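# Structure at a glance
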Amino acid sequence: MGATVNRSPDAESEPRDGVERVAVDLGGSRCRVALVRGAHVVERREVATPAQAGPEAVVAALAALITTWPQYRSGVHVAATGRVHEGRVTAVNRATLPGWDAFPLAASLSERLAAPVTVLNDAQAAAWGEYVHGAGRGTRDFAFVTVSTGVGAGLIASGALLRGARGLAGHLGFVAVPGSEPSYLEAVASGRAIASRGSAVSGRSLTTAEVFANAAAGDAGAAAVIAAAIDELADALVTLRWLLDPQRVAIGGSVGLAPGYLERLVRALAQRQDGEPLHLVPAALAADAGLVGAAAWTPDT
Ligand code: BMX
């Protein structure tokens, strides 16, 4: 971890009132670019991520959106899915961003834009956004967990964002889940996993939302897939509690914020807890946590 610049939400890491920053949330399916002022997204644009076309095509797509706001010349603040280390992005889950292996996103985008670019993992950025402006305000030890395409997390310990020696800190989606194949959490609990496991049990191709709808309509196979996903995440959250002891955990992501999901997760967790309970809350900034956090982040030096 770097020095002290990211330790206090009220100190120099927060943009001054009125300062608008251009932020990017690069996901496996959507590239979202926004003008952010403090906790607020002032304007936004988005396109489908041209993931199959490779990193350079993604950079070109991002640049086309970013340059619609002249404020980009003062800096561009990126939250990206994948492991981020020294401005390079590596897809831990290669299905999300094929061909991203230490791709120099910061340098490539900076060269194209002739502007400074910072890059942070998306879940780490969202954790920082929630800590500074959202559900983590007032805590010192806090976690944000996203359940969306993948499963990720960002961890705040004693007021500092943990990035890890190689950018891996918080990659909750890769904790072991013995007995599943592949044997890690994301392969059971992510939106993509729910869609593919739900499709396998029903014998036809389903989206994540369709698996949830089928379960609500009484389909036992779909319900079992969702129950397994929630149970495995609850087990991982118990581990998180023992490691970080957070005051609060915000749950976000398109699956994590879907109606009824958090309540089910809270119930699953209640069955596993001894002693001090883990306090789960919905992500206050919803889908904008990564954009707001990237804009609020000042890199370590
Ligand atoms: C994956 C991993 C994480 C990311 C998390 C949530 C890749 C490409 N991504 O675990 O870095 O934080 O997904 O990301 O390996 P999302 O794509 O679901 O938003």
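Nothing here was measured: the structure is a model prediction, and the numbers come from that model.

## What to know about unusual backbone geometry
Geometrically, the link from Glu 181 to Pro 182 is a cis peptide bond, its omega value of -5° lying close to zero. Position of Pro 182 relative to the elements: it lies in the loop between β10 (160-162) and α4 (186-189).

## Comments concerning the environment of Ser 254
Structurally, Ser 254 is set in the loop between β11 (248-252) and α8 (261-270). By relative accessible area, which is 58% here, Ser 254 ends up exposed. Each C-alpha atom of the pair Ser 254 and His 85 lies 26 Å from the other, and the pair is 169 residues apart in sequence. For Ser 254, the residues in contact, after removing those within four places along its chain, are Val 147 and Ser 148.

## Topic: the packing of helix α5 (residues 191-202) against helix α6 (residues 208-216)
Viewed as axis vectors pointing N to C, α5 and α6 meet at an angle of 60°, and their least axial separation amounts to 8 Å. When the interaxial angle is binned, α5 and α6 end up oblique. The crossing of α5 and α6 is left-handed. Contact residues: α5 offers Gly 191, Arg 192, Ile 194, Ala 195 and Gly 198, while α6 offers Thr 208, Val 211 and Phe 212. Class assignment of the residues belonging to the contact of α5 with α6 gives a composition of 4 nonpolar, 3 polar and 1 charged.

## Brief notes about helix α7 (residues 220-244)
When the terminal C-alpha atoms of α7 are compared, their 36 Å separation across 25 residues agrees well with the 36 Å that a helix rising 1.5 Å per residue should span. Of the residues flanking the start of α7, the one acting as N-cap is Asp 219, its side-chain oxygen 2.9 Å from the backbone nitrogen of Gly 221.

## Description of the site of the ligand
Asn 93, Asp 122, Ser 148, Gly 150 and Glu 186 are the nearest of the 17 residues found near the ligand. At a separation of 2.9 Å, a nitrogen atom of the ligand approaches a polar side-chain atom of Thr 81. Within the backbone of Gly 82, one N or O atom sits 2.8 Å away from an oxygen atom of the ligand. In isolation the ligand has 450 Å² of accessible area, and contact with the protein removes 95% of it.

## Quick notes on α6
Among all positions of α6, only Thr 208, Val 211, Asn 214 and Ala 215 are buried. Buried residues of α6, viewed axially, fall in a sector of 125°; they line one side. In α6, the exposed residues that point more than 90 degrees away from the buried face are Ala 209 and Ala 216. On its buried face, α6 sits against α5 and α7. Where α6 terminates, the next one or two residues include Gly 218, which has phi positive at roughly 105°.

## Notes on the confidence of the model for the chain
With 94% of its residues at a pLDDT of at least 70, the chain reaches an overall mean of 93. Low pLDDT, under 50, characterises residues 1-14; the predicted model gives this stretch 37 contacts beyond four residues in sequence or across chains.

## Re the sheet that holds strand β8 (residues 142-147)
Taken together, the 5 strands give an open sheet; going across it, the order is β10-β9-β8-β11-β12, and neighbouring strands pair in mixed fashion. At either end of the open sheet lies a strand with only one pairing partner, and these are β10 and β12 (280-282). Averaged over all adjacent pairs, the angle separating strand axes in this sheet is 25°, with direction ignored. Here β11 runs beside β12; their pairing, made up of 3 bridges, is parallel. Each residue of the ladder has a partner; that of Ala 250, found in β12, is Val 281.

Reading the values: rules and limits
Residues numbered from 1 in each chain as written. Predicted model: local features only at pLDDT ≥ 70, side-chain atom pairs only at ≥ 80, totals over all residues. Heavy atoms only, no water. Helix = DSSP H or I, 4+ residues; strand = E, 2+ residues; numbered from the N terminus. Buried < 20%, exposed > 50% of the residue type's maximum accessible area, 1.4 Å probe, protein only. Contact = heavy atoms within 4.5 Å. Axes fitted to C-alpha atoms, helices over the stretch in contact; angles between N-to-C directions. Parallel < 35°, antiparallel > 145°, perpendicular 65-115°, else oblique. Left-handed = near helix turned anticlockwise from the far one by under 90°. Nonpolar A, V, L, I, M, F, W, Y, C, P; charged D, E, K, R; others polar. Expected span 1.5 Å × (residues − 1). Polar contact = N/O pair within 3.5 Å; in protein donor to acceptor, adjacent residues only side chain to side chain. Near = heavy atom within 4 Å. Areas by Shrake-Rupley, 256 points an atom, 1.4 Å probe, with all protein chains shown as cover. Arc of directions from axis to C-beta. pLDDT = per-residue confidence, 0-100. Pairing = 2+ DSSP bridges.

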